[in-house]
Amino acid sequence: MRRFLYKLSEEELWNLGIPVEIVRREGEEVVFATYEPLEGLKPVKEEEVPENWESWREGFGPIEVGKIVVLPPWKKVVFIKPGMAFGTGLHPSTKLCLRAIQEMLRKGDSVLDVGTGSGILAIASKLLGAGRVLAVDISEEAVRECGENARINGVSIECRRGRARDINERFDLVVANLEISVFKEEIGDLVKVSKGRLILSGLYGEGDLEALKGLLRKHKLRIRRIYEEENWFSVGVEDGRD
Ligand SMILES: C[S@@+](CC[C@H](N)C(=O)[O-])C[C@H]1O[C@@H](n2cnc3c(N)ncnc32)[C@H](O)[C@@H]1O
């Protein structure tokens, strides 16, 4: 990977209006870095980034001082107002979905989030480059909170009351952090609204995981990856139809 260093005045940098990594200040000027060359600007330096750069980037921040949180520009931030709906990001099943989305989402994908709760997965998908995002939940309160969190995060997603069987479209990626009893009832509906890539989460223990594997076999779906944290499992599914 290459890193491009540029030097501009504060005002010029501000006018660029893009997130960059500030390296240092030199008087009135700012030296900053990007990982793609910037059109129309000549870098002051270009350098090869060391092999372990990615893991270093991953482990960087956040630094919290009172109300201020400092983060490098390559991180995506999701704001969630604490409320009644599930989905603050603390639960392992949510974290596993967030990890799986980063591996399975392709830029511009349409995404359906079934059981959206606070909207956390739908909002994260949008921030990570999804196109159309529809978030549904059977709880009216969750739909309201999903809408409010979307507004706080400045993203355009649709939050609607319902379940998979109420939807008449197909989505590139379907994310569902539910539970095995719901998958037993609704796996057919989830498959129907998907073009082939799904993330199914909310499985606790090997028993739930095996039960889900059985359901997937019936629908001829292939497991791409199993994610695990604290005995919670999520499954990334890909059936090769798209
Ligand atoms: C475990 S929470 C997941 C919340 C959030 N997506 C996350 O990952 O943190 C499950 C949510 O699914 C909703 N739910 C339960 N059964 C559902 C169903 N059959 N269809 C749609 N939503 C459902 C619940 O109201 C709840 O908000």
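Since this is a predicted model, take the numbers as computed values, not measurements. In this numbering scheme, every chain counts its residues from 1 along its sequence in written order. Side-chain atom pairs in this predicted model are given and counted only at pLDDT of 80 or more, local residue features only at pLDDT of at least 70, and totals for whole chains, interfaces and linings cover all residues. Think of the side-chain values as coming from all heavy atoms in the structure, minus any hydrogens and water.

Regarding unusual backbone geometry
For the record, the criterion: Secondary structure elements follow DSSP: runs of H or I of four or more residues count as helices, runs of E of two or more count as strands, with numbering from the N terminus. The classification of residues rests on relative accessible area computed with a 1.4 Å probe and restricted to protein chains. Under 20% of the type maximum is buried, over 50% is exposed, and intermediate values are partly exposed.
Look at Lys220: it is not a glycine, yet its phi comes out positive at around 55°. Its place among the elements puts Lys220 in the loop between helix H7 (205-218) and strand S12 (222-229). Residue classification places Lys220 among the exposed residues on the basis of a relative accessible area of 72%. Not every positive phi belongs to a glycine, and Asn231 is a case in point at roughly 70°. Note on placement: Asn231 falls in the loop between S12 and strand S13 (232-238).

Examining the pattern of salt bridges
Condition: Within this document, salt bridges are pairs made up of a side-chain nitrogen of Lys or Arg and a carboxyl oxygen of Asp or Glu, the two lying within 4 Å of each other.
Within this structure, the stated rule accounts for 25 salt bridges. Residues Glu47 and Arg3 are paired through a salt bridge, measuring 2.7 Å at the closest nitrogen-oxygen approach. Remark: Arg3 occurs in strand S1 (residues 2-9) and Glu47 occurs in strand S4 (residues 45-48); sequence separation between them is 44 residues. What makes Arg3 buried here is its relative accessible area of 13%. Among the ionic pairs, Lys45 bridges to Glu47, the shortest N-O distance being 3.4 Å. Under the relative-accessibility criterion, Lys45 is labelled partly exposed at 46%.

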